[in-house]
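# Results of the structural survey
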Amino acid sequence: MELAQWQEGRLARVICPGCQTPFDSAEAESNAAELQVAAEQGGRFVADPVICMTGTTTEPGTILYGEAHLRRVALTGRTEHLRAIEHLPPGTHCVPTVGGVLIHPPQATDTHR
């Protein structure tokens, strides 16, 4: 079985388990812990490519995550199977993570201030 390695939300390479370094293992455990903590705090993970926004595609609001994806679409004309997460409430916090974005609703981010 091979494992994927992600960098900045993009598949960078595939690693065979015997080739995985201790750093790769630690990074994978860290990513798993980050996703678990986010879920426990009311957040959710969405895999890339995705655009997170407070409005809709027909009436856009604030783009919280995915501006780089939109620029690529504008330059290439290809949507890359892009998904839009619409109607996110004001105060939502979106954090890039390996392979996607963590979406934290306003009540989840308010506890960290």
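Refer to the structure presented above.
Residues numbered from 1 in each chain as written. Predicted model: local features only at pLDDT ≥ 70, side-chain atom pairs only at ≥ 80, totals over all residues. Heavy atoms only, no water.

## As for the nonpolar core
If you look at the biggest cluster of nonpolar residues, it comprises nine residues: Val46, Val50, Cys52, Tyr65, Ile85, Leu88, Cys94, Val101 and Ile103. Within the residue set of this core, elements represented by two or more residues are β4 (50-53) and β8 (100-104). With near-sequence residues (within four places) excluded, Ile85 lies in contact with Arg44, Val46, Val50, Ile51, Cys52, Met53 and Ile103. (Core = buried A, V, L, I, M, F, W, Y, C linked by side-chain atoms within 4.5 Å. Buried < 20%, exposed > 50% of the residue type's maximum accessible area, 1.4 Å probe, protein only. Helix = DSSP H or I, 4+ residues; strand = E, 2+ residues; numbered from the N terminus. Contact = heavy atoms within 4.5 Å.)

## With respect to the pairing of β4
Of the two faces of β4, both are covered, the one formed by Val50 and Cys52 as well as the one formed by Ile51 and Met53. Direction of pairing for β4 relative to strand β5 (residues 63-65): antiparallel, over a ladder of two bridges. By the bridge assignment for β5, Cys52 is matched with Tyr65. (Pairing = 2+ DSSP bridges.)

## Description of the sheet that holds β8
Pairing is antiparallel across the open sheet formed by three strands, whose spatial order is β3-β8-β7. Both outer strands of the open sheet, β3 (44-47) and β7 (93-97), are each paired with one neighbouring strand and no more. Along the sheet, successive strands turn relative to each other by an average axial angle of 30 degrees, direction set aside. Where β3 meets β8, four bridges bridge the pair, whose relative direction is antiparallel. Bridging from a neighbouring strand, Arg44 pairs with Ile103 of β8. (Axes fitted to C-alpha atoms, helices over the stretch in contact; angles between N-to-C directions.)

## Observations regarding the side chain of Thr92
As for its position among the elements, Thr92 is in the loop between β6 (83-85) and β7. Among the polar contacts listed, one links the side chain of Thr92 to the backbone oxygen of Pro89, at a separation of 2.6 Å. In contact with Thr92, not counting residues within four places along its chain, are Leu64, Ile103, His104, Pro105 and Pro106. (Polar contact = N/O pair within 3.5 Å; in protein donor to acceptor, adjacent residues only side chain to side chain.)

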